[in-house]
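# Chain and residue survey
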Number of protein chains: 2
Amino acid sequence: MKPTYQPNAQLDLSFTRIVDVPKALIWRAWTEPALLKPWFCPLPWKTIDCEIDLRPGGIFRTTMQSPEGKEFPGTGCYLELIPNEKLVWTNALSPGYRPSLVTETCGSEDTGFLFTAMIELADHAGGTRYSATVLHADVAGCKTHAAMGFESGWGTALDQLVAMVKKGI
Amino acid sequence: MKPTYQPNAQLDLSFTRIVDVPKALIWRAWTEPALLKPWFCPLPWKTIDCEIDLRPGGIFRTTMQSPEGKEFPGTGCYLELIPNEKLVWTNALSPGYRPSLVTETCGSEDTGFLFTAMIELADHAGGTRYSATVLHADVAGCKTHAAMGFESGWGTALDQLVAMVKKGI
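This write-up is about the structure you can find in this document. Small disclaimer: the values here were computed from a predicted structure and weren't measured. (Residues numbered from 1 in each chain as written. Chains lettered and ligands numbered in written order. Predicted model: local features only at pLDDT ≥ 70, side-chain atom pairs only at ≥ 80, totals over all residues.)

## Side note on the nonpolar core
Judged by nonpolar contacts, the single largest core of 38 residues is most densely connected at Leu79(A), Trp89(A), Leu79(B) and Trp89(B). The residues touching Leu79(A), leaving out its near neighbours within four places in the chain, are Pro56(A), Val88(A), Trp89(A), Thr90(A), Leu79(B) and Tyr97(B). Within the second largest apolar cluster, 13 residues are counted, among which are Val19(A), Ile26(A), Trp27(A) and Trp39(A). (Core = buried A, V, L, I, M, F, W, Y, C linked by C-beta atoms within 7 Å. Buried ≥ 20, exposed ≤ 12 C-beta atoms within 10 Å, placed from the backbone. Contact = placed C-beta atoms within 7 Å.)

What follows is the structure, encoded as structure tokens:
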């Protein structure tokens, strides 16, 4: 089994779980807009729009909506794609690898931060070993993200993904 | 012949030249530290150090030195590598795809900017069609780079590269 990325304790947020669904279906849930929207935000938040151009340099765009109806668009750029194994994207670049405008990407300094996200999938006796890691530029960005509830948020989203896959896609 | 990248007139700086050396040698001059240092800075500036880990996510680091002896280190991250054809890197990410600290990467706001650089090589009757493009986040960064003499600087460096290759490497 390939070693997964080794996180930097000061700058990265990361978790690993074993989930009892095949990695090929997790890959599809991450890379097909119609399969991503149902699970990507912890309810009662919703993902109301999603655009995916699945190639290095391609766009990964989502619009999340709060329960009050406020929209939060986010645009990133895919960096590395190994089907059924590894998905890497960043909001530090916009599609086509152009550096993103930090003020546009991050909004206010209180809530925004640049990140690179990495999903790693590996076969496991129990189904799939699922690792999610988010790399930040500095400790402040990492702390902001942790305070927003990274692990609970991404963990709940993963629960929703697994539940969707089990219903059949 | 593959189409080259089509620059954005407001945000990119770009030039294309036909040079009478084979693209495989230009590729080597861009990707082997010992072959990059002699030509990478227009003289009398020098490139006194260079580190290359030639894979997506790998480091591209140089230290340039002014005629007065002041050192200017720069660290980037490779994004896309097609041997003898296309080389893309950015300073918006540090090695391993981590978002770079803008203040560290760019120094003062007067002289620094984030960029993604793209070298494209194609066979041509006269040797090689060489295109260099630099993508900026905003018009201000693009203007700063233009005012620093992008085309003259990168053009002179290319002259130095061609002269080195013709002497034999």
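## Thoughts on the packing of helix α1 (residues 23-31) of chain B against helix α5 (residues 150-167) of chain B
All names here are of chain B. Remark: α1 packs on α5, axes separated minimally by 10 Å, with the N-to-C direction vectors making an angle of 115°. Classified by the interaxial angle, the pair formed by α1 and α5 is roughly perpendicular. For the crossing formed where α1 meets α5, the hand is right-handed. Packed against α1, whose contacting residues are Leu25, Ile26 and Ala29, the element α5 presents Leu161, Met164 and Val165 at the interface. Grouping the constituent residues of the contact of α1 with α5 by class yields six nonpolar, no polar and no charged. (Axes fitted to C-alpha atoms, helices over the stretch in contact; angles between N-to-C directions. Helix = DSSP H or I, 4+ residues; strand = E, 2+ residues; numbered from the N terminus. Parallel < 35°, antiparallel > 145°, perpendicular 65-115°, else oblique. Left-handed = near helix turned anticlockwise from the far one by under 90°. Nonpolar A, V, L, I, M, F, W, Y, C, P; charged D, E, K, R; others polar.)

## Observations regarding α5(B)
Each full turn of the α-helix corresponds to 3.6 residues, which orients residues three or four apart in the same direction. Residue and element names in this part refer to chain B. Taking 1.5 Å per residue, 18 residues should reach 26 Å; α5 reaches 26 Å between its end C-alpha atoms and fits that length. For α5, the set of buried residues is Leu158, Leu161 and Val162. Each buried residue of α5 sits inside an arc of 95° when the element is viewed along its axis, so together they form one side. Residues of α5 that are exposed and point more than 90 degrees away from the buried face comprise Ser152, Ala163 and Lys167. Elements that come into contact with the buried residues of α5 comprise β1 (12-19), α1 and β9 (127-136). (Expected span 1.5 Å × (residues − 1). Arc of directions from axis to C-beta.)

## Focus on the sheet that holds strand β4 (residues 71-82) of chain A
By definition, the strands of a sheet pair up through backbone hydrogen bonds, in either a parallel or an antiparallel sense. All names here are of chain A. Sheet architecture is open: seven strands sit in the order β1-β9-β8-β5-β4-β3-β2, paired in antiparallel fashion. Both outer strands of the open sheet, β1 (12-19) and β2 (46-52), are each paired with one neighbouring strand and no more. In this sheet, adjacent strand axes meet at a mean angle of 20° when their direction is disregarded. Pairing between β1 and strand β9 (residues 127-136): eight bridges, direction antiparallel. (Pairing = 2+ DSSP bridges.)

Don't take any of this as a statement about function, it's just geometry.
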